[in-house]
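A closer look at the structure
Residue strings, one per chain:
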Amino acid sequence: MPSVISGIVRGPDGQPIPNARVYFTSGPVPLPEIAAITDDRGEFSLTAPVPGEYVIQGAADEFTSRSSKVKVKGNAPVRVELPLK
Amino acid sequence: MATSKKLAVPKGGHAPLSSLSKEATEAASPKSTASRPPAEGKSPKTKKSRKDGAEDVAGFKGLKESAAKVESLKAPNTSKLKDIGEASFGKPKAKTETVHGPDNRVRITNTADYPWRVHASLLITAADNSNWIGTGWFIGPHTLITAGHCVYIKNSGVPGRDGWVKSIDVMPGRNASSLPYGKVTSKNFRTVAGWANSGDENFDYGAIIIPTELGNTTGWFGFGVYSDATLKASVGNISGYPGDKASGTQWYDAHKIDSVNARKVYYDIDTFGGQSGSACYRIINGARYGIGIHAYGGASTNSGTRIVTPVFQNMVNWKA
């Protein structure tokens with residue numbers, strides 16, 4: 001059973017960033033290379049197919065990309081914040 | 001509309017599926033051939049490719065040593081001894097990365113020219129209205145090939161997201177905010193039973209049928225079924241729309257094919273999220289032929305669905 005990694009991408013002022021790109025850069029298994037686009041609340045959700053350690057990265061054109069390590073245990077959902085600078 | 005003879009319809013995992021319930025697939029007189037040729041479209045301004053099988057792109061530093069091959073040059077691992085690092089840091093975790101070693105990708109700016117305009121930036125709206133980016137490539141006047149997971153979401157774990165996507169905005173030759181061939185929206189997709197029903201990564205491929213004949217302007221790539229030996233001796237080229245770069249910019253890399261199995265092609269070509277669906281192609285006497293559909297980022301190599309006979313048959317039928 002997959003787990004869902006959801007979160008929000010924020011700018012330096014703490015405001016959510018819509019239309020940012022979020023994608024995996026590493027994980028315990030090969031991962032599909034499709035990238036999520038944050039909604040108008042800066043929110044996204046990605047699917048982690050198996051438990052393990054993943055790295056997700058957020059990118060938006062006016063900001064510096066930021067990565068975050070995420071540990072997925074079982075199929076429990078995980079919530080992350082991606083603050084861009 | 002151009003017509004061509006359809007091939008026998010594959011069965012089993014490669015049984016084709018359509019997002020349109022009224023669409024019927026027909027068996028036709030089978031006459032399988034190994035490849036279908038490319039076309040360069042209108043006013044292509046095509047630049048000749050390099051002799052080593054890669055594209056001639058300013059700033060491209062050439063074919064690098066693959067991470068896997070570099071690994072093989074290291075001293076042999078004596079299995080009786082543990083790495084001293086484990087004494088302090090514990091056993092290293094296996095990890096997967098999609099850019100291996102230095103980032104070899106170069107940006108393509110003349111995206112209005114062939115072959116670059118064959119590649120399309122995709123903005124995908126899933127069934128739950130979430131948005132995603134991917135890449136597709138023309139194989140005919142109204143058909144683009146992409147990853148199965150770009151047209152049909154499987155095992156997302158998110159309520160309402162799985163199944164056929166709602167729509168895809170197709171932007172061929174996109175260059176940041178510039179759309180030299182405009183944007184066309186499709187709600188007409190294809191994939192196969194092995195992906196849609198089973199989520200089997202070996203069947204991760206699909207098509208986007210657009211309501212115009214825009215491919216006659218952009219041109220398209222050929223595609224073919226090739227032997228293991230031919231593929232392993234080939235240079236693979238990938239150009240697409242990665243999410244880690246400025247929005248809507250096209251990036252290219254190439255490297256010798258690392259390995260193949262019966263269903264997949266593996267390569268140390270740098271890619272990133274957003275490039276799902278890109279063509280992995282080889283250049284034969286200056287003509288471009290797809291050999292795989294890029295889909296996954298892996299440890300030392302990335303991978304795509306190999307164009308084998310049933311994949312080829314579906315692609316020919318989807319192109320018609």
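Quick look at the structure, then. This is a predicted model, so every value here is computed, not measured. (Residues numbered from 1 in each chain as written. Chains lettered and ligands numbered in written order. Predicted model: local features only at pLDDT ≥ 70, side-chain atom pairs only at ≥ 80, totals over all residues.)

With that settled, consider the overall build of chain B. Within chain B one finds seven helices and 19 strands. Across the 320 residues of chain B, 51% fall into the buried class. Long-range pairs, those at least 24 residues apart, make up 72% of the contacts in chain B between residues at least 6 apart in sequence. (Helix = DSSP H or I, 4+ residues; strand = E, 2+ residues; numbered from the N terminus. Buried ≥ 20, exposed ≤ 12 C-beta atoms within 10 Å, placed from the backbone. Contact = placed C-beta atoms within 7 Å.)

Let us now look at the nonpolar core. The biggest cluster of nonpolar side chains holds 90 residues, and the ones touching the most others in it are A:Val22, B:Trp137 and B:Phe221. Beyond its immediate stretch of four places on either side in the chain, B:Trp137 contacts B:Val118, B:His119, B:Ala120, B:Leu144, B:Ile145, B:Phe221, B:Ser278 and B:Ala279. Judged by nonpolar contacts, the second largest core, of five residues, contains B:Val57, B:Ile108, B:Trp251 and B:Tyr252. (Core = buried A, V, L, I, M, F, W, Y, C linked by C-beta atoms within 7 Å.)

Between chain B and chain A, the contact holds 34 residues from the first and 26 residues from the second. Of the residues contributing to the side of chain B that touches chain A, the split by class is 10 nonpolar, 20 polar and four charged. Note: strand β4 (residues 35-37) of chain A against strand β5 (residues 131-140) of chain B, three bridges, orientation antiparallel. Paired with A:Ala36 across the bridge in β5(B) is B:Trp132. (Nonpolar A, V, L, I, M, F, W, Y, C, P; charged D, E, K, R; others polar. Pairing = 2+ DSSP bridges.)

Most of strand β14 (residues 235-240) of chain B is tucked away: six of the six residues are buried. Here β14(B) shows no split at all, with B:Val235, B:Asn237 and B:Ser239 on one side and B:Gly236, B:Ile238 and B:Gly240 on the other all buried.

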